[in-house]
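# Coordinate inspection notes
Listed here are the chains, written in short residue letters.
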Amino acid sequence: MQGKKDYQEKLFTSFRLSDRIPKENFYRRLKEALNLDFLYPLTHQFYGESGQKSIDPVVYFKICLVGYLENITTDRGVMDHCAMRLDILYFLGYDVDEELPWHSTISRTRKLFTDDVFEEVFTRVFKLCVEAGLVSGHTQAIDSAPVKANASMDSLELKVPAEDLEEHLSKLRVQSSRDRKAKENKAPKEQQEITASKQELQEIKSRNKRWSKDQDMKPGAKNKGSKYTSNKTHYSPTDPDARISVKPGKARKLNYLCNIDRRY
């Protein structure tokens, strides 16, 4: 006999959230492994002695952790996601009939704490996860991301041969306030010297010719006759830590290289 399910909402019901979350569920295991009570003394200085009660700092940082684990980048999206997941509600300590904090509360609380607090929380939570066996550490990955430098590509200067540095400077650079692009050269002497081999310099020279030709052939191009810049031949005197980098389809820029170490 074919069955048909009819839904009729009950006025009263008997329901326990903990009974619906399996023992092997990730957020149930995480709730049992993480003791975040250290957050109360750590964040006590940021709250007053009177007024309305704020969001529990433990709940706030758990919401931040959920956003990271679920790869959700907006506060509104995180809160909508939490409201739809029973295991996450159990992890946060909320029942099905309790109202979750507003997404704007999450944003305001983030501005309340300093960077030192977030770093301390990250370090302690990571340590707790390692001790609980949630982080095995069998794989290590290093990723890099460009961070925009506060320096202009117009300030780049040519590197010179190491053996004739002073003589070469006097020939190729006019040491005047009008011709000098940077008021002060902060780069060390080693960075001002050419380290590329003759073969690499020849390849850069050939590439520079093709680059200029391609730019000049583009109708309406504003950068006709532009030069191909490379870390082998140019450096930034205003910001020696900056390096020339480029992404496909985008212009060259001065960036810092930030390395991110991940362990799994």
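As a reminder, the structure under discussion sits directly above these lines.
Criteria and thresholds
Residues numbered from 1 in each chain as written. Predicted model: local features only at pLDDT ≥ 70, side-chain atom pairs only at ≥ 80, totals over all residues. Heavy atoms only, no water. Axes fitted to C-alpha atoms, helices over the stretch in contact; angles between N-to-C directions. Helix = DSSP H or I, 4+ residues; strand = E, 2+ residues; numbered from the N terminus. Parallel < 35°, antiparallel > 145°, perpendicular 65-115°, else oblique. Left-handed = near helix turned anticlockwise from the far one by under 90°. Contact = heavy atoms within 4.5 Å. Nonpolar A, V, L, I, M, F, W, Y, C, P; charged D, E, K, R; others polar. Buried < 20%, exposed > 50% of the residue type's maximum accessible area, 1.4 Å probe, protein only. Phe/Tyr/Trp six-rings, centres within 6.5 Å; stacked < 30°, edge-to-face > 60°. Arc of directions from axis to C-beta. Core = buried A, V, L, I, M, F, W, Y, C linked by side-chain atoms within 4.5 Å. Expected span 1.5 Å × (residues − 1). Polar contact = N/O pair within 3.5 Å; in protein donor to acceptor, adjacent residues only side chain to side chain. Patch = residues over 30% accessible without salt bridge, like charges linked within 9 Å, V, L, I, M, F, W, Y side chains within 5 Å. Areas by Shrake-Rupley, 256 points an atom, 1.4 Å probe, with all protein chains shown as cover. Salt bridge = Lys/Arg side-chain N within 4 Å of Asp/Glu carboxyl O. Lys, Arg positive; Asp, Glu negative; His and termini not counted. Charge placed at Lys NZ, Arg CZ, Asp CG, Glu CD.

## So, the packing of helix α5 (residues 75-84) against helix α7 (residues 103-112)
At their nearest, the axes of α5 and α7 sit 8 Å apart, and the two run at 125° to each other. Overall, the two elements α5 and α7 adopt an arrangement that is oblique. As for the relative orientation of α5 and α7, their crossing is right-handed in sense. Between α5 and α7, the residues in contact are D75, R76 and M79 and H103, I106, S107 and R110, respectively.

## With respect to the packing of helix α2 (residues 26-33) against helix α4 (residues 57-69)
Two elements in contact, α2 and α4, have axes whose closest approach is 13 Å; the angle formed by their N-to-C orientations is 140°. With respect to α4, the element α2 is oriented oblique. Here the hand of the crossing between α2 and α4 comes out right-handed. For the pair formed by α2 and α4, the contact residues are F26, Y27, L30 and K31 on the first element and K62, L65, V66 and L69 on the second. Here the residues of the contact of α2 with α4 are counted per class, giving 6 nonpolar, no polar and 2 charged.

## Here we look at the environment of L92
Here L92 is to be found in helix α6 (residues 86-92). Take L92: its relative accessible area is 4%, and that puts it in the buried class. Put simply, L92 and I63 are 29 residues apart on the chain and 7.4 Å apart in space, counted from C-alpha to C-alpha. Not counting chain neighbours up to four residues away, the residues in contact with L92 comprise V59, K62, I63, C82 and L100.

## Describing the packing of aromatic side chains
Tallied over the entire structure, the rule returns 10 aromatic pairs. Relative to Y27, the ring of F26 has its centre 5.3 Å away and its plane inclined at 75°; by these criteria the two rings are edge-to-face. On the basis of relative accessible area, F26 is assigned to the partly exposed category, the value being 38%. Ring centres of Y47 and F113 lie 6.3 Å apart, and the angle between their planes is 70°; on these two criteria the pair is classed as edge-to-face. Placement of Y47 in the loop between α3 (39-43) and α4 and of F113 in the loop between α7 and α8 (115-131) is noted, with a sequence separation of 66 residues between them. Counting every residue linked through ring pairs, the aromatic cluster contains F46, Y47, Y60, F61, F113 and F118.

## Side note on α5
Since there are 3.6 residues in each turn of an α-helix, residues three or four apart along the chain are aligned in direction. Every buried residue belonging to α5 is among D75, V78, M79 and C82, and all of these are buried. All buried residues of α5 fall inside an arc of 95° around its axis, so they share one side. Where the residues of α5 are buried, they touch α4, α6 and α7.

## Section: the nonpolar core
Ranked by size, the top nonpolar core spans 31 residues in total, and within it I63 and L92 carry the most contacts. Residue assignment for this core shows that the elements contributing at least two residues are α2, α4, α5, α6 and α8. With 6 residues, α4 is the largest single contributor of residues to this core. In contact with I63, other than residues within four places in its own chain, are I55, V78, M79, L92 and I106. Within the second largest apolar cluster, 5 residues are counted, among which are A149, L156, I244 and L254.

## Some remarks on the environment of A149
With respect to the helices and strands, the residue A149 is situated in the loop between β1 (140-148) and β2 (157-158). Using a relative accessible area of 5% as the deciding quantity, one classes A149 as buried. Discounting chain neighbours no more than four positions away, the residues touching A149 are D239, A242, L254, N255 and Y256.

## A closer look at α4
Compared with an ideal rise of 1.5 Å per residue, which puts 13 residues at 18 Å, α4 spans 18 Å between its outermost C-alpha atoms and is within 8% of the ideal. All of the buried residues in α4 are P57, V58, V59, Y60, F61, K62, I63, V66 and G67. You can read the cap of α4 off the contacts: a side-chain oxygen lies 2.8 Å from the backbone nitrogen of V58, and it is on D56. Phi turns positive, to about 60°, at N71, one or two residues after α4.

## Focus on the side chain of D87
Summarising the element assignment, D87 is placed in helix α6. Within polar-contact distance, the side chain of D87 engages the side chain of R85 at 2.9 Å. Not counting residues within four places of it along the chain, the set of residues in contact with D87 comprises I21, N25 and Y27.

## Observations concerning a positive patch on the surface
A surface patch of positive charge is lined by K148, K247, K250 and K253. You can see K247 is positioned in the loop between β4 (243-245) and β5 (253-263). Look at K247 and you get partly exposed, because its relative accessible area is 46%.

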